[in-house]
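# Topology and contacts: notes
Listed below are the residues making up each chain.
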Amino acid sequence: MANVPNRRAVVGATAGVVFTGALAAPATASAAPPGRVTIASPNGRLRMTVRVTDGRLRYQVARDGRVLVSSSGLGLDLADRPSLTGGLVLESVRRRTVDERWRPVWGPDALVRNHARECVLRTVQPATGLRLDLVVRVFDDGVGFRYRLPAQAGLDRYTVTAERTEFSLPPTATSWSLEAGTDWRADERHYRRARLADVRTAQTPLSLATQSGEYIVVHEAALIDYPSMTLAADGNRPGTFTSELISLPDGAKAHLRGEFSTPWRTLVIGGRPGDLAESHLIENLNEPCALTDTSWISPGTYVGVWWELQRRDTTWTEGPRHGATTERVKRYIDLAREAGASSVLAEGWNTNAGGDWTGQDFLTPRADFDLAEVLRYARANGVGFTAHNETRGFVDYYEQHLEAIFARYAELGIHSVKTGYATKFVLGGVNRSHFDQEAVRHYQRVVETAARHQIMIIAHEAIKPTGLARTYPNMMTGEGVAGMEQHNYMGKLGNPPEQATILPFTRFMGGPADYTPGVLNVTWDPAGLGTRVQTTSAAQLALYSVFFSPLQMLADTVENYHSHPGFAYLKDMPASWDETRFLDCVIGDYTVVARRKGDTWYLGAITDEYDRTLRLPLRFLGRGRYRAEIYSDAADTSWHDNPLPIDVRTETVRASTVLRLRLVAGGGTAIRFRRALLTSRSGVKDVIL
């Protein structure tokens, strides 16, 4: 692994990068460092001020003159050296402007602007000669800062024992977070709402709304060769948190060599929830695409043998109820062709999958699964195959054979893999946290090895996303979320409906998630588990606009789709978009999102456990008339008692139309707007849905 994540080659048109303005404007250095340094955003509304106070770097962030992050300390502790939180002197300051427009290989928007003011503050600890740089970028929608340990004598090999980054946030703010944890389920819990002062620990992202109306998300970007950051509250200062890095088995945080830049510590800031969800700040703090050829990376929907396994209708293991048989997977290939899906997943296809998951080689199919025939049939139908690699935490074996596995897949024409690391993480002979430095290195090795063999990755039980898909766009999507399967494992209440209205402003801030929506038969319980999906069927359709993933699953079974009228909405569903708008959102209450592909818009609206009616102007539509295909809860739909009925209707609308969306508790509405051939000069009208 490279220890300098900011040294990336910028490739040309194949990575879709378009440079405009001053991407790397010449840096200017101050002759004599001032007592404080202020970096303003391009529009001037956001300001980060950095000082050296009593030998320690400290920072403050304000928006429109209102302080959002009060004076907060910075610094690192290195083993066997004086702490880099004291005795520092500011030597020089260098500034530049970053301004570029780039085209992602896939994403919620087809064109992204990366525009920030950058400042590098270079400090030295005279007593030891140690040097520490602070790199700051201030965007219109937030700030990012990172530590850089420049190449210097006496620092060839060193160990980080603690990171002392503080975030002094408004203690009265309302927050949404997960409790910090080190086990494999740490990111797969329900987000809690609490006054920030009452939060003791948090995974990142941590999201909050201040009493003065600002929204803030604390997270990190470009997590490479370093442990995941969690947050621990300062018991003496309500609202103040310190970065807490996940430890290696030896208690250290990170073992490093030579020049090194940490991940960016990020604050996404906006005046409404939609500002957070529409931000590209996390991606922009990652390096441009490192792949010289991305033509093989293809976003799309996928289907497969999965939900029937979760609901125990079929099994991962061989036997009379085995799910991933040749004939069963062929039926899903037929479904993929009908739905316009790009790939079919088969969990339980390989020998020794299921049970205790030991003895797998990820290459040998089961006796009742003819891999050659499945691949032939898939190719004949224009469908790809996604191989499931559930390591079950036997990571040493997976690493030792990774090159051979992916090389063979490439020979067979398999270009997507779903990885899994459930229950443990045995790497280097040690069962460790999924989120420590060595685990992060492993996930990166998988992505880089996959890229060499032109393989896309769907990662489960892996590290949270931090925007690295900009650099490695074959890292398509990941779990790290209480997704659809938690309707099995969280008990009778599954995922409460409010969780879906929280996720776009928390988990999805770092990148896409493999939530696996689209279960239309929400009450299906073939094994009598006594659990069900806690939404209406219409809400499942709406999730395709609310949640983003470039490999988005149509998660229900062949039979359930064919018996449900909502399946028509999912056919030819895009998975990468030209434009995304978060229209009307109250975190934890309701969310309305519109996404455009070409001339067609898809809108999803969901609500929590309460009925509500929303008034929604359609100003995002272009000129002319649109045919609105509306999939909503029927008049007699009830989340608790009658969740399956769905009403399908068509209306003619235009940008001046105002929709009134009637959402039942746990329900939703999904609308596809197709541009009509005829235009009209009619005025505003209300359409009651």
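Residues numbered from 1 in each chain as written. Predicted model: local features only at pLDDT ≥ 70, side-chain atom pairs only at ≥ 80, totals over all residues. Heavy atoms only, no water.

### A short note on the sheet that holds strand β35 (residues 600–607)
Inclusion rule: Pairing between two strands is assigned when DSSP locates at least 2 bridges connecting them. Working definition: helices are DSSP H or I runs of at least four residues, strands are E runs of at least two. Numbering for both runs from the N terminus. Axes, fitted as lines to C-alpha atoms, cover a helix only where it is in contact. Angles between the N-to-C directions of the axes lie from 0 to 180 degrees. Whether two residues are in contact is decided by their heavy atoms: any pair within 4.5 Å suffices.
Taken together, the six strands give an open sheet; going across it, the order is β33-β34-β35-β40-β37-β38, and neighbouring strands pair in antiparallel fashion. Single-partner strands in this sheet number two, and they are β33 (579–586) and β38 (646–654). The average angle at which neighbouring strand axes cross in this sheet is 15 degrees, direction not considered. With eight bridges joining them, strand β34 (residues 590–597) and β35 adopt antiparallel strand pairing. Considered in β35, the bridge of T591 is made with I606. Of the strands in this sheet, β33, β34, β35, β37 (625–633), β38 and β40 (668–675) are in contact with helix α10 (residues 537–546), which crosses β35 at around 120 degrees.

### Overview of the pairing of strand β14 (residues 174–177)
The pairing of β14 with strand β15 (residues 192–195) spans four bridges and is antiparallel. Bridging from a neighbouring strand, W176 pairs with R193 of β15. Direction of pairing for β14 relative to strand β17 (residues 206–209): antiparallel, over a ladder of three bridges. Bridging from a neighbouring strand, T174 pairs with A209 of β17.

### Some details on the environment of A378
The condition is simple: Only protein chains enter the accessibility calculation, which uses a 1.4 Å probe. A residue is then buried if its area is under 20% of the maximum for its type, exposed if over 50%, and partly exposed in between.
Checked against the element boundaries, A378 lands in helix α5 (residues 371–380). Judged by its relative accessible area of 1%, A378 falls in the buried class. The spacing of A378 and A500 is 122 residues in sequence and 33 Å in space, taken between C-alpha atoms. Setting aside residues no more than four positions away along its own chain, A378 makes contact with I333 and V383.

### A short note on helix α4 (residues 326–339)
For an α-helix, the turn length of 3.6 residues means that residues three or four places apart are oriented alike. To keep things clear, this is the line we draw: A helix's residues, less one, multiplied by 1.5 Å, set its expected span.
With 14 residues, α4 extends 20 Å from end C-alpha to end C-alpha; this agrees with the ideal 20 Å at 1.5 Å per step. Listed as buried for α4 are T326, R328, V329, K330, Y332, I333, L335, A336 and A339. Each element contacted by the buried residues of α4 is listed here: β24 (300–305), α3 (307–310), β25 (343–346), α5, α11 (558–562) and α12 (567–570). Note on α4: the residue one or two positions beyond its end, G340, has a positive phi of about 75 degrees.

### Here's the deal with the sheet that holds strand β26 (residues 384–390)
Taken in spatial order, the seven strands of this open sheet run β31-β30-β27-β26-β25-β24-β32, and their pairing is parallel. A single partner strand is all that each edge strand has here, and the edge strands are β31 (475–478) and β32 (551–553). Strand-to-strand twist in this sheet, taken as the mean axis angle between neighbours without regard to direction, amounts to 30 degrees. Of the pairings in the sheet, the one linking β24 to β25 comprises four bridges and is parallel in character. Of the residues in β25, the one forming a bridge with V303 is V344. Against the sheet, α4 makes contact with β24 and β25, and its axis sits at roughly 155 degrees relative to β24, the strand it touches most.

### A word on the nonpolar core
Operational definition: Buried Ala, Val, Leu, Ile, Met, Phe, Trp, Tyr and Cys residues form a nonpolar core when they are joined through side-chain atoms within 4.5 Å.
Membership of the largest hydrophobic core comes to 181 residues, with the highest contact counts inside it found for Y59, L267, F385, F406 and Y409. Filtering out sequence-adjacent residues up to four positions away, L267 remains in contact with Y59, V61, V69, D141, G142, V143, F167, I216, V217, V218 and L281. Core analysis: the next-biggest nonpolar cluster, separate from the first, contains 20 residues, L603, L618, L663 and I671 among them.

### What about the confidence of the model for the chain?
Detailed reading of the predicted model is not advised wherever pLDDT is low. Our working definition: Residue-level confidence of the predictor is what pLDDT reports, using numbers from 0 through 100.
On average, the chain scores 94 in pLDDT, and the residues at 70 or more come to 94%. Counting interchain partners and residues more than four positions distant, the pLDDT-below-50 stretch residues 1–19 has 55 contacts. Across residues 679–689 the pLDDT falls below 50, and counting only partners more than four positions away or on other chains, this stretch makes 32 contacts in the model.

### Focus on the pattern of salt bridges
Inclusion rule: Between Lys or Arg on one side and Asp or Glu on the other, a salt bridge is scored when a side-chain nitrogen of the former is within 4 Å of a carboxyl oxygen of the latter.
Applying the stated criterion across every chain, the model contains 45 salt bridges. The salt bridge involving R272 is made with E278; its shortest N-O contact spans 3.2 Å. You can call E278 partly exposed: its relative accessible area is 26%. With its nearest N and O atoms 2.8 Å apart, the salt bridge here joins R445 to E399. In this pair, R445 sits in helix α7 (residues 437–452) while E399 sits in helix α6 (residues 395–412), placing the two residues 46 residues apart along the sequence. Classification of R445 as partly exposed rests on a relative accessible area of 27%. Overlapping salt bridges bring together R56, R58, E166, D234 and R237 as one network.

### Details of the packing of α6 against α7
Each pair of packed helices can be summarised by the angle the axes make with each other and by the distance between the axes. Applied cut-off: Here roughly perpendicular refers to angles of 65 to 115 degrees, roughly parallel to angles under 35, roughly antiparallel to angles over 145, and oblique to all remaining angles. The residue classification treats Ala, Val, Leu, Ile, Met, Phe, Trp, Tyr, Cys and Pro as nonpolar and Asp, Glu, Lys and Arg as charged. All others, Gly included, are polar.
One can describe the packing of α6 onto α7 by two numbers: an axis separation of 10 Å at closest approach and a directional angle of 10 degrees. Our classification of the angle between α6 and α7 gives roughly parallel. Facing α6, whose interface residues are V395, Y398, E399, L402, E403 and F406, α7 presents H442, R445, V446, T449, A450 and R452. Its residues assigned to classes, the contact of α6 with α7 comprises six nonpolar, two polar and four charged.

### Observations regarding the packing of aromatic side chains
The criterion, for reference: In this analysis, rings of Phe, Tyr and Trp, with Trp reduced to its six-membered ring, are considered paired at centre separations within 6.5 Å, and the interplanar angle assigns stacked below 30 degrees, edge-to-face beyond 60, and tilted for intermediate values.
Under the counting rule described, the total for this entry stands at 24 aromatic pairs. Relative to Y443, the ring of Y421 lies with its centre 5.2 Å away and its plane at 85 degrees, an arrangement referred to as edge-to-face. Of the two residues, Y421 is situated in the loop between β27 (416–420) and β28 (426–427) and Y443 in helix α7; the sequence distance between them amounts to 22 residues. Centroid distance F508 to F547: 5.0 Å. Interplanar angle 15 degrees. Geometry classified as stacked. With F508 in the loop between α9 (498–502) and α10 and F547 in the loop between α10 and β32, this residue pair connects regions lying 39 residues apart in the sequence. Assessed through its relative accessible area of 13%, F508 is described here as buried. Taken together, the aromatic side chains of Y569, W577, Y602 and Y631 make up a single cluster linked through ring pairs.

### Some thoughts on the packing of α4 against α5
Applied cut-off: Left-handed describes a crossing in which the near helix is turned anticlockwise from the far one by less than a right angle; the clockwise case is right-handed.
For the pair α4 and α5, the least separation of the axes is 10 Å and the interaxial angle reads 15 degrees. In terms of axis orientation, α4 runs roughly parallel to α5. Crossing of α4 against α5: the hand is right-handed. Residues T326, V329, K330, I333 and D334 of α4 form the contact with α5, whose participating residues are E373, V374, Y377 and A378.

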